[in-house]
Amino acid sequence: MGVSAYVHCRCWKDGLAPAPPVGPVGFDEDGRLGLLEPWSRETANAHGDVEHWLEHGCPHDHMQIRREEIGSWAGIRIFQQALRAAGAADFPVLLRYLPETNDGWIPADEVPRVLAELDHFENGARLADEVVLVDEASGDALHSYVAGHGGVFIWGRDLHIGVDPDGFFVLDRTTEPPGTLFRAACFEQRVLPGGELELTGEGHSVRLAMTPIANYLPTPPQRFTVQVRPRSAADFDHLLGMLRRLCAAALSTDNPIHWT
């Protein structure tokens, strides 16, 4: 599951949409536009009527003037990590309102401060280096260290696999505490018969029942290395662009940005 965000249009405020079938309608304490009555058996039909009105009440889909598919939770966590490493005191609004779950909102009156912090991040902040797992052959970074995830990028029932400042690791979750089955800063993988994968590096080898690392690529890499690379605001251009578009929509409508 990833993260999305949207901003409602002003059609319902400006009389450009039919009046809601019941009321009162407005933004609740979580920033959601809807019927401002607690849900109960008695109000269930009224809530359903307002939801139908939101979906079809104006030319905008769900009365949303702007929607952005932000992406994976890892991307959000890496951005939060970069903000904190650059100086949390410089980004209080972003760190307060960036989502922790698939809900929450940025009030419209906070949007100018969000934009000011984005400007500082792009033009004045000194970003920390990043730790990445790299395909040795291509030089492409495959996974970044996400402190909020403990470095883990594969969550299996019995195994956690990840990268951190000390290298690539495989944890055995069947023990308490979880034991380290494999750790190396440089290693290679080899697919074996029967659905097994062999990892070898720095004098250690382990065989695991799992698919190849980075098997989302047409040909998974054979050799990997963990590197520390410089990071710049340009690495976040895609996310920053989405946040700026959401902020522009919020300013033009005086409506909040809602996470979902």
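The notes below deal with the structure included here. (Residues numbered from 1 in each chain as written. Predicted model: local features only at pLDDT ≥ 70, side-chain atom pairs only at ≥ 80, totals over all residues. Heavy atoms only, no water.)

### What to know about the pairing of strand β13 (residues 196-201)
- Across five bridges, strand β12 (residues 186-192) lies against β13 in antiparallel orientation. Along β13, the bridge assignment pairs Val 191 with Leu 197.
- Linking two consecutive strands that pair antiparallel, namely β12 and β13, is a turn of three residues; a positive phi of about 80° is found at Gly 194 within it.
- As judged from the six bridges shared by β13 and strand β14 (residues 204-209), these two strands associate in the antiparallel manner. Bridge pairing links Glu 198 to Arg 207 in β14.
- Where β13 folds back onto β14 in an antiparallel hairpin, the turn is made up of two residues, including Glu 202, whose phi is positive at roughly 55°. (Pairing = 2+ DSSP bridges. Helix = DSSP H or I, 4+ residues; strand = E, 2+ residues; numbered from the N terminus.)

### Description of the sheet that holds β12
- Strands sit in the order β7-β6-β15-β12-β13-β14 across an open sheet of six strands; the sheet is antiparallel. Looking along the sheet, the strands with just one partner apiece sit at the ends: β7 (141-144) and β14. If you compare each strand with its neighbour and ignore which way they point, the axes differ by 25° on average. (Axes fitted to C-alpha atoms, helices over the stretch in contact; angles between N-to-C directions.)

### What to know about the packing of helix α4 (residues 111-123) against helix α5 (residues 237-253)
- Taken N-terminus to C-terminus, the directions of α4 and α5 make an angle of 155°; their axes are 10 Å apart at the nearest point. Looking at the two axes, α4 sits roughly antiparallel to α5. The chirality of how α4 crosses α5 is left-handed. Along the contact surface, α4 presents Val 111, Pro 112, Val 114, Leu 115, Leu 118, Asp 119, Phe 121 and Glu 122, while α5 presents Leu 240, Leu 243, Arg 244, Cys 247, Ala 250 and Leu 251.
- Here the contact of α4 with α5 is composed, by residue class, of eleven nonpolar, no polar and three charged. (Parallel < 35°, antiparallel > 145°, perpendicular 65-115°, else oblique. Left-handed = near helix turned anticlockwise from the far one by under 90°. Contact = heavy atoms within 4.5 Å. Nonpolar A, V, L, I, M, F, W, Y, C, P; charged D, E, K, R; others polar.)

### So, the side chain of Gln 64
- Tracing the backbone through its elements, the reader meets Gln 64 in strand β4 (residues 64-71).
- Overall, the relative accessible area of 16% leaves Gln 64 in the buried class.
- Among the polar contacts made by the side chain of Gln 64, one reaches the side chain of Arg 67 at a distance of 3.3 Å.
- With sequence-adjacent residues up to four places away left out, Gln 64 is seen in contact with Tyr 6, Val 7, His 8 and Cys 9. (Buried < 20%, exposed > 50% of the residue type's maximum accessible area, 1.4 Å probe, protein only. Polar contact = N/O pair within 3.5 Å; in protein donor to acceptor, adjacent residues only side chain to side chain.)

### Details of the environment of Leu 16
- With respect to the helices and strands, the residue Leu 16 is situated in the loop between β1 (3-8) and β2 (25-27).
- With 42 residues separating them along the chain, Leu 16 and Cys 58 place their C-alpha atoms 7.5 Å apart.

### Some thoughts on the packing of aromatic side chains
- Enumeration over the complete set of coordinates arrives at nine aromatic pairs.
- Between Phe 121 and Phe 236, the ring centres sit 5.5 Å apart and the planes meet at 75°, which makes this aromatic pair edge-to-face. In this pair, Phe 121 is assigned in helix α4 and Phe 236 in the loop between β15 (223-229) and α5, connecting sequence segments 115 residues apart. Accessibility classification places Phe 121 together with Phe 236 in one group, the buried group. (Phe/Tyr/Trp six-rings, centres within 6.5 Å; stacked < 30°, edge-to-face > 60°.)

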